[in-house]
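Working through the structure, step by step
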Amino acid sequence: MKIVNFSERFLDDIVKIEKQSFTSPWTKEMLSDSAKNTAVKFKVLTENKTVAGYYIIIMAAGETEILNLAIAPEFRRRSFGQAMLIDIKKESIDRQSRFIFLEVRQSNTVALNLYKSFGFKEIDIRKKYYKNEDALVLRLINDRKFTL
């Protein structure tokens, strides 16, 4: 398992994972534009040279927001999500970010369990955030403790 910075060579694989993971996936253009944003950190997790997952975060004013995080179906439930969250926390600490935020579908129990096991707490609900479904807003307070 290896986490590397985004490169255009990964884009088609990321688009495929995006479509497999979300009912309203980001487009190829949205993903490419995110990679060009200097405030964004876009990283890719590979396993044996295969794209297994990716994350996109933005950091500003002492806060980190996870904009997107997905793992290819064939790599799920193998600690890849935890590895990416550890990397996000490290990036966040390196940039002196005190909090990490994200929104997640209320029905996405697998993701919720992962985030909560990592220490995220529910702090709010965004009504109809996903058209017909609420999003839970989660926050993690960076305490500088993490495992690599």
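Remember, predicted model here, so these are calculated numbers, not experimental data.

The rules behind each value
Residues numbered from 1 in each chain as written. Predicted model: local features only at pLDDT ≥ 70, side-chain atom pairs only at ≥ 80, totals over all residues. Heavy atoms only, no water. Helix = DSSP H or I, 4+ residues; strand = E, 2+ residues; numbered from the N terminus. Buried < 20%, exposed > 50% of the residue type's maximum accessible area, 1.4 Å probe, protein only. Contact = heavy atoms within 4.5 Å. Areas by Shrake-Rupley, 256 points an atom, 1.4 Å probe, with all protein chains shown as cover. Lys, Arg positive; Asp, Glu negative; His and termini not counted. Charge placed at Lys NZ, Arg CZ, Asp CG, Glu CD. Salt bridge = Lys/Arg side-chain N within 4 Å of Asp/Glu carboxyl O. Core = buried A, V, L, I, M, F, W, Y, C linked by side-chain atoms within 4.5 Å. Arc of directions from axis to C-beta.

**A few points about the overall build of the protein**
The number of helices and strands found in the protein is four helices and seven strands. Ordering the α and β elements of the protein from the N terminus gives β-α-α-β-β-β-α-β-α-β-β. Based on the C-alpha atoms only, the size of the protein along its principal axes is roughly 35 × 35 × 30 Å. With 148 residues in all, the protein has 43% of them scored as buried. A fraction of 58% describes how many contacts in the protein between residues 6 or more apart in sequence connect residues 24 or more apart. Summed over its atoms, the accessible surface of the protein is roughly 8600 Å², and 48% of this surface lies on carbon and sulfur atoms. Averaging the coordinates of the 26 positive side-chain charges in the protein and doing the same for the 19 negative ones gives two points 3 Å apart.

**Let's talk about the pattern of salt bridges**
One pass over the full model with this rule turns up eight salt bridges. Across the salt bridge formed by R105 and E133, the nearest N and O atoms sit 3.0 Å from each other. One end of the pair, R105, is in strand β5 (residues 99-105); the other, E133, is in the loop between β6 (121-126) and β7 (135-141), and 28 residues separate them in sequence. With relative accessibility at 16%, the residue E133 sits in the buried group. Residues joined by salt bridges that share partners form a network here, namely K41, K43, D87 and E91.

**Structural notes on the nonpolar core**
Of all hydrophobic cores here, the largest spans 40 residues; its most connected members are I14, I66, Y115 and F120. Looking at this core element by element, the count peaks at seven residues for strand β3 (residues 50-60). The contact partners of Y115, leaving out residues within four places of it in the chain, are L69, L85, L102, V104, F120 and L138.

**As for helix α1 (residues 11-21)**
Along α1, the residues that are buried comprise L11, I14, V15, I17 and E18. Buried residues in α1, looked at end-on, bunch into an arc of 165°, giving them a common side. Away from the buried face of α1 by more than 90 degrees, exposed residues D12, K16 and K19 are located. Lining the buried residues of α1 we find α2 (28-36), β2 (40-47), β3 and β4 (63-71).

These figures come from the coordinates and say nothing about function on their own.
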